[in-house]
Amino acid sequence: MQPNAMEPKHEIKTYVSNRLKNWDNFTTVCTALERMHAQGSFLQQNPLSFAFPLLLMQLSLASGAALLTSLLLKPLQQSLIVAQTLGGLILGPSGLGRIDVFTINFFPVRSFVLLDILSWFGFMLCFFLIGVQTDPFILKKINKNTLMIGIITVVVPMVLSEAFAYTLAYFIDMDSQLMRSLPMVAQAESMLALPTVSYLLGEFNIMNSEFGRVAMCSSTVSGLFSLCATATMVLAGQSANGNAKTIVTNISSVIVLTAIIVFVIRPAILWMIQKNPVEAPVSRNHFIALLTMVLVTAFCSQAAGLNIYFGPLILGIAIPAGPPIGPALKEKLHLITDWIFLPLFFVKNGCNIDVFHMQLKNYIIVQLVALVAALGKFIGAFVTSRCRCNMPTAHAIALGLVMNAQGLLELGLFKQMKREKVIDYPTFASMCVSMLIITGSVTPVIKRLYDPSQKYTFYRRRSVMHAKPQSQRRLLVCLHDEEIAPTIINILEALNPRRESPLFVFVLHLVELVGRARPLLIPHKLTNRPSSRFGRSKGVIEAFRDYEQKNLELVSVYPYTAICPCATMHDEVCTLALDRKTSLIIIPFYNKLHADGTIESSQKAAQIMNKNVLDKVPCSVAILVDRGLLKSPWPVLGTLSTYRVGVVFLGGADDREALTIGAIMANHPKITLTMIRLVVDGNVTGNDKEERRVDNEFLSDFRQAMVANNRVTYIEEIVTDGIGTAAVICSMTNNYELVLAGRSHDTQSPLLSGLADGSERAELGAIGEILASADFKGNTTILVVQQHALVVNERNESHKHSLGAPQPIKNDEGHSLGDSHSIKYDKEQMQIQEKSA
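Residues numbered from 1 in each chain as written. Predicted model: local features only at pLDDT ≥ 70, side-chain atom pairs only at ≥ 80, totals over all residues. Heavy atoms only, no water.

### A closer look at the packing of aromatic side chains
Inspection of every chain in the model, using the stated rule, returns 14 aromatic pairs. Consider the rings of F102 and F107, whose centres lie 5.9 Å apart with planes at 50 degrees: the pair is tilted. Here the two residues F102 and F107 agree in accessibility, since each one is buried. Seen in terms of ring centroids, F123 and Y309 are 5.9 Å apart; in terms of plane orientation they differ by 80 degrees. Their pairing is edge-to-face. Separated by 186 residues along the polypeptide, F123 in helix α5 (residues 112-132) and Y309 in the loop between α11 (284-303) and α12 (310-318) bring together distant segments of the chain. The rings of W120, F123, F127, Y309, F345 and F346 are connected pair by pair, giving a single aromatic cluster. Just above the ring of F504 sits the side chain of R474; from NZ or CZ to the centre is 5.6 Å. Over the aromatic face of Y714 sits the side chain of R703, whose NZ or CZ is 4.4 Å from the ring centroid. (Phe/Tyr/Trp six-rings, centres within 6.5 Å; stacked < 30°, edge-to-face > 60°. Buried < 20%, exposed > 50% of the residue type's maximum accessible area, 1.4 Å probe, protein only. Helix = DSSP H or I, 4+ residues; strand = E, 2+ residues; numbered from the N terminus. Lys NZ or Arg CZ within 6 Å of the ring centre and 35° of its normal.)

So this is what it looks like as structure tokens:
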């Protein structure tokens, strides 16, 4: 019963100190119906004495504590789970709850009934959203390696921790309750759950990386393996009297509920998707129907004797990933779940933990068992991934740490074990503290060890300049809408595909994903008839399908749609380029420029993606600036008698790459190429003598190769400073349909004096910015080229080779996936994707 506020002070203190420990003894909590809504403090009423105002205050405290701890822990790169768990501890008896007045006024016993209901509501919605971003087809991606990692990651910690627990019980004198609980603690700490790993990877934005795929597959195996042991442990506690009927009933309930969700509810959801207009958001009626399904499945789980999260989790997994449903659910439910309802769960959990009332001896024993289990998980994952999958050491360490992450599911398991009296209160509190310590320790280390961009730097050069002559050319073109498709097709046509050097074009339509759902990479098949499955990519795919049909046996097009957030859009581009072994990526400039010099702002997603791609790209990249040459939606190269291409050459690797592309275009019968070389006093400028020598040799080879081509013109322009450079470039206005330029140059060169410091669009470079400025008027299309940067395994080579030899280097990209630096688990995935192409 709730103590009266008029009771003696020492009785109130006794109530406060024993409230948590005696909570199980409470069977009834009394409250008056008329004390639900306060009439106002002006009537001398305390709002905290009424149920609804008290609930609002508890919601405010819970959300405020979660926000405060997340901001404080942000420099430490902590997970949201850690911040919210710590926020719950701060409001509990381990923090502010030690103040008697605070506890009596803000968290009285009478409020715990409603608080517990709302906290489990957030728990249910959180697992539903975790299910939404979990790919059910991850089972198809499980191979021998991930199967081995998943099994060993559970077996090793279970054997070590169980043996350690029995050893402690034999050699150390401890109370009987802890002795009985210790084997169960070892078993629970050895469990590994897919939702926890999925939540952590999603928060780090690495779920769709190759590392994320391995972690997801391995945790799926571990989760299924752990599920059997967990079910056995929990159900054994429920059937302590030897009643096997309970176990059979629960297993039957799991099978029946899963079957209903998969074979009844999922088809209904697919029907709703078909009825929803293409590219339209989810209708209000459909969203309400989905939310109702969540509530119904949660009710069925409780009615069948299962945990409340089981039904919503399976329902979330059954929902098709991607738009329109996935992003809509994340957008509408994410904030209210993570920052309103879920903090209540952690506050309720924190109110059950008092670190100052734990016995030191028992606490150390539980922590040692948890540490041995964590060490076993790490050893199992690290050794298997290194020996079986040949992972790099840093990635193997990160995987071992990921497999140690704990979260909501583990907290729910600990609470259920306490409720079923498998463990006592002090053991439960110690396990929660160990979860906070382990998860808080591994998350910043994971972020520091694993950089998704590292996988792009362990391969040899991929560029147009270093490609084999007379070999297939593999390009990746990216676009956000179909308006720029004709311009890109003109450039592809200018590359002069032939039978001896066919063009393989991988088209990636980038769609910004609203919400935090799992990114999707959708491959499409080109057919003679348009497909309704193309969705919002229909216009893009049809344009390139027509181009392929007009160039049969010369051009092969492979279209994709990538639906992902702005922050990870570059990863989809770089991963596809890496997997398909492309030598050049063409990406659009984020602003659309017109012939009169006006600028039309485009999507912010393109600007974010361009910057990240330029920093992490695994091959050469070209930024396409479309100035509105095309007045029709069709390519115009075939209709022109002459297509004029100009190349601006100051020197450097990027300019050599741009000139190599221009040399390929010069073989087209309708293209005339003009190469304009800028020099100072007749000399090529630059502080690096070796760089100047490579430039001169490269230009000498270019002139010798083009001596018989009367459509190629070589011009040298003498300038003294950046103003002269800008004047020469602006004089090219309306003289060319396409201008090629390098992105990066020697900033100390007199040719750029006064230009580089004023650069506003760094992704274009100094020359590219002049070409894209309002001073350069006309309908010219611009291509700013960046050659593939130096890679890790080339940095120790001679300076000559690191700069790039003037002759085309033999391209070994056909063997790059099998060299000493390649990663075995990357290779297997790439081979599968290559076959599907």
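### A closer look at the pairing of strand β13 (residues 781-786)
The element β13 is extensively covered by neighbouring structure, given that 6 of its 6 residues are classed as buried. Neither face of β13 is open: one carries T781, L783 and V785, the other I782, V784 and Q786, and all of them are buried. In terms of strand pairing, strand β8 (residues 620-625) meets β13 through 5 bridges, oriented antiparallel. Residue A622 lies in a different strand from β13, and its bridge partner there is V785. Note: strand β12 (residues 738-742) against β13, 5 bridges, orientation parallel. Looking across to β13, one finds that A741 is bridged to V784. (Pairing = 2+ DSSP bridges.)

### Notes on the environment of N362
With respect to the element layout, N362 can be found in helix α14 (residues 360-389). N362 sits in the buried class, given a relative accessible area of 12%. Remark: the alpha-carbon pair of N362 and S430, spanning 68 residues in sequence, is separated by 8.4 Å. Among residues more than four places away in sequence, those in contact with N362 are D175 and L178. Only 3.1 Å separates the side chain of N362 from the side chain of D175, close enough to count as a polar contact. (Contact = heavy atoms within 4.5 Å. Polar contact = N/O pair within 3.5 Å; in protein donor to acceptor, adjacent residues only side chain to side chain.)

### Structural notes on the packing of helix α6 (residues 144-171) against helix α7 (residues 176-189)
At their nearest, the axes of α6 and α7 sit 8 Å apart, and the two run at 165 degrees to each other. When the axes of α6 and α7 are compared, the pair comes out roughly antiparallel. Considering only the axes of α6 and α7, their crossing is right-handed. Of the residues in α7, those in contact with M158, S161, E162, A165, Y166, L168 and A169 of α6 are M179, L182, P183, A186 and Q187. (Axes fitted to C-alpha atoms, helices over the stretch in contact; angles between N-to-C directions. Parallel < 35°, antiparallel > 145°, perpendicular 65-115°, else oblique. Left-handed = near helix turned anticlockwise from the far one by under 90°.)

### Thoughts on the side chain of T384
Along the chain, T384 turns up in helix α14. In terms of polar contacts, T384 uses its side chain to reach the backbone carbonyl oxygen of G380, at 2.6 Å. Aside from chain neighbours lying at most four places away, what touches T384 is M148, I149, I152, I379 and C389.

### Comments concerning the side chain of S181
Here S181 is to be found in helix α7. Given a relative accessible area of 0%, S181 falls into the buried group. Contact partners of S181, with chain neighbours within four places excluded, come to V422, I423, D424 and T427.

### Things to note about the nonpolar core
Core analysis: the biggest nonpolar cluster contains 87 residues, and F128, I269, L329 and L408 have the highest contact counts within it. In terms of residue count, α5 provides more of this core than any other element does, 13 residues in total. When residues no more than four places from it in sequence are discounted, the contact partners of L329 are F128, L129, V132, F287, L290, I319 and H334. Residues L510, Y590, I623 and L650 belong to the second largest nonpolar core, which totals 51 residues. (Core = buried A, V, L, I, M, F, W, Y, C linked by side-chain atoms within 4.5 Å.)

### Some remarks on the packing of helix α15 (residues 393-402) against helix α17 (residues 425-449)
Interhelical geometry of α15 versus α17 gives an angle of 155 degrees and a closest axis separation of 9 Å. Put simply, α15 runs roughly antiparallel to α17. As α15 runs across α17, the sense of the crossing is left-handed. Touching A394, I397, A398, L401 and V402 of α15 are V442, V445, I446 and L449, all from α17. Classifying every residue of the contact of α15 with α17 gives 9 nonpolar, no polar and no charged. (Nonpolar A, V, L, I, M, F, W, Y, C, P; charged D, E, K, R; others polar.)

### A short note on the pattern of salt bridges
Side chains that differ in sign of charge can pair as their charged atoms come close. Enumeration over the complete set of coordinates arrives at 10 salt bridges. R499 serves as the salt-bridge partner of E553, at 2.4 Å between the closest nitrogen and oxygen. Here E553, found in the loop between α19 (538-550) and β4 (555-564), pairs with R499, found in the loop between α18 (485-494) and β2 (503-512); they are 54 residues apart in sequence, far enough to count as distant. Each member of the pair, E553 together with R499, is exposed. We note a salt bridge from E737 to R644, for which the minimum N-O separation is 2.7 Å. On the criterion of sequence distance, the pair formed by E737 in the loop between α24 (722-730) and β12 and R644 in strand β9 (residues 643-649) is long-range, its members being 93 residues apart. (Salt bridge = Lys/Arg side-chain N within 4 Å of Asp/Glu carboxyl O.)

### Here's the deal with unusual backbone geometry
Residues other than glycine seldom take positive phi values, yet Q77 does so here, at roughly 60 degrees. Position of Q77 among the secondary structure elements: in the loop between α2 (51-73) and α3 (80-91). Given a relative accessible area of 37%, Q77 falls into the partly exposed group. Non-glycine residue K581 carries a positive phi angle of around 55 degrees. Tracing the backbone shows K581 in the loop between α20 (569-579) and β5 (584-588).

### Here's the deal with the pairing of strand β10 (residues 671-679)
Across the 9 residues that make up β10, a large majority, 8, are buried. As defined by bridge partners, β9 adjoins β10 across 7 bridges and the pair is classed as parallel. Counted as the bridge partner of V647 is M675 from β10. Once you follow β9 into helix α22 (residues 653-665) and on to β10, the crossover reads as right-handed. By the bridge criterion, 7 bridges tie β10 to strand β11 (residues 712-718) in an arrangement that is parallel. Bridge pairing in β11 links M675 to Y714. (Right-handed = clockwise from strand over helix to strand, strands pointing away.)

### A short note on the sheet that holds β11
Ordered by their spatial adjacency, 11 strands build an open sheet running β3-β4-β2-β1-β5-β8-β13-β12-β9-β10-β11, and the pairing between neighbours is mixed. At either end of the open sheet lies a strand with only one pairing partner, and these are β3 (520-523) and β11. Neighbour-to-neighbour, the strand axes of this sheet turn through a mean angle of 20 degrees, independent of strand direction. Against the sheet, α19 contacts β1 (473-479), β2 and β4, and its axis sits at roughly 170 degrees relative to β4. On top of the sheet, α22 reaches β1, β5, β8, β9, β10, β12 and β13; it is set at about 150 degrees to β12, its chief contact.

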